[in-house]
Amino acid sequence: MLKLENVDMSYGDLQVLWDVSFEVHEGEIVVLVGANGAGKSSIIKTISGLQKVSNGKIIFDGADVTNQKPEDILKRGLVHVPEGRRLFNEMTVEENLIMGALWGEAKEKRAETMEICYDLFPKLRDRRTQLAGTLSGGEQQMVAVARGLMAKPKLLMFDEPSLGLAPVLVQDIFDIIKSVRKQGITVLLVEQNVQATLKFCDRAYVLENGKIVMEGTGQQLLNDDHVKEAFLGI
Amino acid sequence: MEMFLQSLISGLLVGGLYAIIGLGMSLIMGVLKIINLAHGQLMMVAMYVSWSAWNYLGIDPYLSVVLSVPFTFYLAKFLSKYLLNPLIEKDSILPENQVLMTVGIGMVLVELARFLFTSDYRSVQTSYTGQAWDLGGVSISIPLLIAFIVSLLLTAGLFYLLMKTDLGRSIRATAQDRLAASLMGVSAEKITVLTYGIGSALIAAAGTFFLPIFYLYPDVGPEFTAKAFVITILGGLGSTVGAITGGIVLALAETFGATYLSSGYRDAYGLVIFLLVLVFLPGGLKSLTKV
Ligand SMILES: Nc1ncnc2c1ncn2[C@@H]1O[C@H](COP(=O)(O)OP(=O)(O)O)[C@@H](O)[C@H]1O
Ligand SMILES: [Mg+2]
């Protein structure tokens, strides 16, 4: 469904992605793991069109989307839930959800999808008129996920959704991601919470210094000595 | 007492137009993150459009708003697309360079006006120019009253746009978080250009409605740029409600100062209030109203 072929990317003169290739198949949960600064967010930003590819190709849903504008990539159903949530803090919860559904089918079905989101996150229904900036961290993450779902994605990319959340809430967020997949949405997940995510993902890629150094099923990586040493502290 | 009421009413009526000027500025500041130092100059352009329509074609200045507003809107969109936006996209260039660009745009507009229309003071005469309603000793100028009603309608229209439409929400979203807005499929570039256009269209309307009241000359622009700046600081940067209160406070300060102190220093009273606010209420009136 999503395929990167030998992608290089630089911020100005500083190259941060080197020859990155990987694939996400329809219906999968695929995880990208890597240390701080490895280039995980850079990959997601490149896929969603916020950064330009200098070499290589990105194919989504059979079409070449390399270096297309973020709005065009979004309209194809490739949706990015950014690191740090990036809500519109001075807008209400409801307005944030509306912002997720500005185009095409997502716009037509806005009211309907919003109900689905409120059923998924009943807390947000109670807070619909509250400003997003006044919510707790966990609630803000729910808004960020719901805002992504409002776009009617085929593939949803989450950049460190558990960042800054209390351990109880982290489990909730992972449950939500699993339920997203049950709705038929493919998931690409970036996480530092390596052990927990490797347990429920289908496949994973390990990123070091902007290069993919390893791939496998979650279980394979959990048992791998290098992964154990680098990420699991064993 | 009558003198007091008279100043209060005149101040409020002018305040409506000042509010429009401030709203235009705060909209542009919110999205572009710069002070628009060509603000009053764009208003001056709109005033010359209306003056020309009246002088050469005999069109009533209040009707020519249908010419001056679109003209200024498209001119501003053109300026931001080709002169301001290219500067935003270069990371290496400081945001100050955009402010400098607005200074340059302003200077060119003033000199163009001087070239086309000379430095002469212009004014329009209409059947209603000097007319006023007499309410038991307090008189309400008809042109100012019309201007006030139009500014209320424009303010209401702007709030409807910003709060209730996808376009308005996209403008607010871009002001709050450009990157997140582009992830929602909002083109920051288009919104920037459009916002500069809408902000300028607002001052264009104010300019046209000032025409039967004030003299017009090329340097009227910089004066109003300064007023717009004062209004937005008074109200609190980035606050739309603040722009309205700031506009009204500035107009009241000018009118009361002119009535009770000396009319020669009209422009100085606003600056005094401005300094007082900076010293005692650095966040502007917004820090009192919280919005
Ligand atoms: N906007 C940027 N400009 C320049 N360098 C950046 C920018 N964003 C990230 N980087 C650099 O790119 C590398 C990868 O960062 P990032 O993709 O954020 O890593 P991760 O998400 O894995 O923590 C880091 O060295 C970081 O300093
Ligand atoms: Mg990151």
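Draft legend 1. Examining the site of ligand 1 more closely. All names here are of chain A. As a matter of local geometry, ligand 1 sits amid Y11, L14, V16, A35, N36, G37, A38, G39, K40, S41 and S42. Taking N36, its side chain carries an N or O atom lying 3.4 Å from an oxygen atom of ligand 1. Contact distances for ligand 1 include 2.5 Å between an oxygen atom and a side-chain N or O atom of S42. Relative to its free-state accessible area of 560 Å², ligand 1 is covered by the protein chains to the extent of 61%. When residues of the shell around ligand 1 are assigned to their parent elements, the largest contribution, 3 residues, is made by helix α1 (residues 40-47). A breakdown of the residues in the shell around ligand 1 according to their chemical character gives 5 nonpolar, 5 polar and 1 charged.

Draft legend 2. Structural view of the coordination of the magnesium ion (ligand 2). Residues and elements named next belong to chain A. Distances from the magnesium ion (ligand 2) to its protein donors, namely S41 (OG) and E83 (OE), fall within the range 2.0 to 2.2 Å. Within this pair, whereas S41 is found in helix α1, its partner E83 is found in the loop between β6 (78-81) and α3 (93-100), the two being separated by 42 residues in sequence. Of the residues examined, E83 reaches a relative accessible area of 32% and is grouped as partly exposed.

Draft legend 3. Spotlight on the side chain of D166(B). With respect to the helices, strands and loops of the structure, D166(B) is situated in helix α6 (residues 166-176). For D166(B), a relative accessible area of 16% corresponds to the buried category. A polar side-chain atom of D166(B) sits 2.7 Å from a polar atom in the side chain of R110(A). Those residues in contact with D166(B) that lie beyond four places of it in its chain are I98(A), L102(A), K107(A) and R110(A).

Draft legend 4. Geometry of the domain arrangement of chain A. Residues and elements named next belong to chain A. We note that the domain assignment places domain 1 (2-77 + 153-232) and domain 2 (87-150) within chain A. Each of domain 1 and domain 2 has a C-alpha centre, and these two points are 23 Å apart. Of the residues lining the interface, 14 residues belong to domain 1; the matching set on domain 2 comes to 9 residues. The tally of links between domain 1 and domain 2 comes to 0 salt bridges. Where the side of domain 1 that touches domain 2 is concerned, the elements lending two or more residues are α2 (70-75), β7 (155-159) and α8 (167-182). The biggest single contributor to the side of domain 1 that touches domain 2 is α8, with 5 residues.

Draft legend 5. Spatial organisation of the pairing of strand β9 (residues 203-208) of chain A. Residues and elements named next belong to chain A. For β9, a buried count of 5 out of 6 residues is recorded, marking the element as mostly surrounded by other parts of the structure. Sheet topology places strand β3 (residues 29-34) next to β9; 5 bridges connect them, and they run parallel. Among the inter-strand pairings, G34 is bridged to a residue of β9, identified as L207. Bridge analysis of β9 against strand β10 (residues 211-217) gives 6 bridges, and the strand direction is antiparallel. Following the sheet pairing, Y205 is matched in β10 by E215. Count of turn residues in the β9/β10 antiparallel hairpin: 2 residues, of which N209 carries a positive phi of about 45°.

Draft legend 6. Focus on the sheet that holds strand β4 (residues 53-60) of chain A. All names here are of chain A. Strand order in the open sheet made by the 4 strands is β2-β1-β4-β5, with antiparallel pairing throughout. Either end of the sheet is taken by a strand with one partner, and the two such strands are β2 (14-24) and β5 (63-64). Note that β4 and β5 share 2 bridges and pair antiparallel. Each residue of the ladder has a partner; that of F60, found in β5, is A63. Sitting on the sheet, α1 is in contact with β1 (2-11), β2 and β4, with an inclination near 110° to β1.

Draft legend 7. Fine view of unusual backbone geometry. Of note, R86(A) is a non-glycine position whose phi angle comes to about 50°, a positive value. When you line up the elements, R86(A) lands in the loop between β6 and α3. When its relative accessible area of 32% is taken as the criterion, R86(A) is described as partly exposed. At K33(B), a residue that is not glycine, the phi angle is positive and equals roughly 60°. Residue placement: K33(B) occurs in the loop between α1 (2-32) and α2 (39-57).

Draft legend 8. Summary view of the packing of α1(B) against helix α8 (residues 188-210) of chain B. Residue and element names in this part refer to chain B. Close contact between α1 and α8 brings their axes to 9 Å; oriented N to C, the two are set at 170°. On the basis of the axis angle, α1 is roughly antiparallel to α8. Pair α1 / α8 crosses with left-handed handedness. For the pair formed by α1 and α8, the contact residues are L17, Y18, I20, I21, L23, G24, L27, I28, V31 and L32 on the first element and I191, T192, T195, Y196, I198, G199, S200, L202, I203, A206, F209 and F210 on the second. For the contact of α1 with α8, the class distribution of residues is 17 nonpolar, 5 polar and no charged.

Draft legend 9. Up close: the interface of chain A and chain B. Contacts between the two partners involve 21 residues from chain A, matched on the other side by 17 residues from chain B. Buried area between chain A and chain B, both sides added, is near 1800 Å², and the carbon and sulfur share of it is 60%. Three residues, R86(A), F88(A) and M99(A), lead the burial of chain A against chain B; their summed loss comes to 28% of the area buried on that side. Linking chain A with chain B are 4 salt bridges, by the criterion used here. Linking chain A with chain B are 7 residue pairs in polar contact (both at pLDDT 80 or more), by the criterion used here. Mapped by element, the contributors of at least two residues to the side of chain A that touches chain B are α2 and α3 of chain A. Ranked by the residues each element gives to the side of chain A that touches chain B, the list is headed by α3(A), at 4 residues. Of the residues that constitute the side of chain A that touches chain B, the class distribution is 10 nonpolar, 4 polar and 7 charged.

About the thresholds
- Residues numbered from 1 in each chain as written.
- Chains lettered and ligands numbered in written order.
- Predicted model: local features only at pLDDT ≥ 70, side-chain atom pairs only at ≥ 80, totals over all residues.
- Heavy atoms only, no water.
- Near = heavy atom within 4 Å.
- Polar contact = N/O pair within 3.5 Å; in protein donor to acceptor, adjacent residues only side chain to side chain.
- Areas by Shrake-Rupley, 256 points an atom, 1.4 Å probe, with all protein chains shown as cover.
- Helix = DSSP H or I, 4+ residues; strand = E, 2+ residues; numbered from the N terminus.
- Nonpolar A, V, L, I, M, F, W, Y, C, P; charged D, E, K, R; others polar.
- Donors = N, O, S within 2.8 Å, 3.2 Å for Na, K, Ca; no water.
- Buried < 20%, exposed > 50% of the residue type's maximum accessible area, 1.4 Å probe, protein only.
- Contact = heavy atoms within 4.5 Å.
- Domains from an automatic or database assignment.
- Salt bridge = Lys/Arg side-chain N within 4 Å of Asp/Glu carboxyl O.
- Pairing = 2+ DSSP bridges.
- Axes fitted to C-alpha atoms, helices over the stretch in contact; angles between N-to-C directions.
- Parallel < 35°, antiparallel > 145°, perpendicular 65-115°, else oblique.
- Left-handed = near helix turned anticlockwise from the far one by under 90°.
- Buried area = accessible area lost by both parts, 1.4 Å probe.

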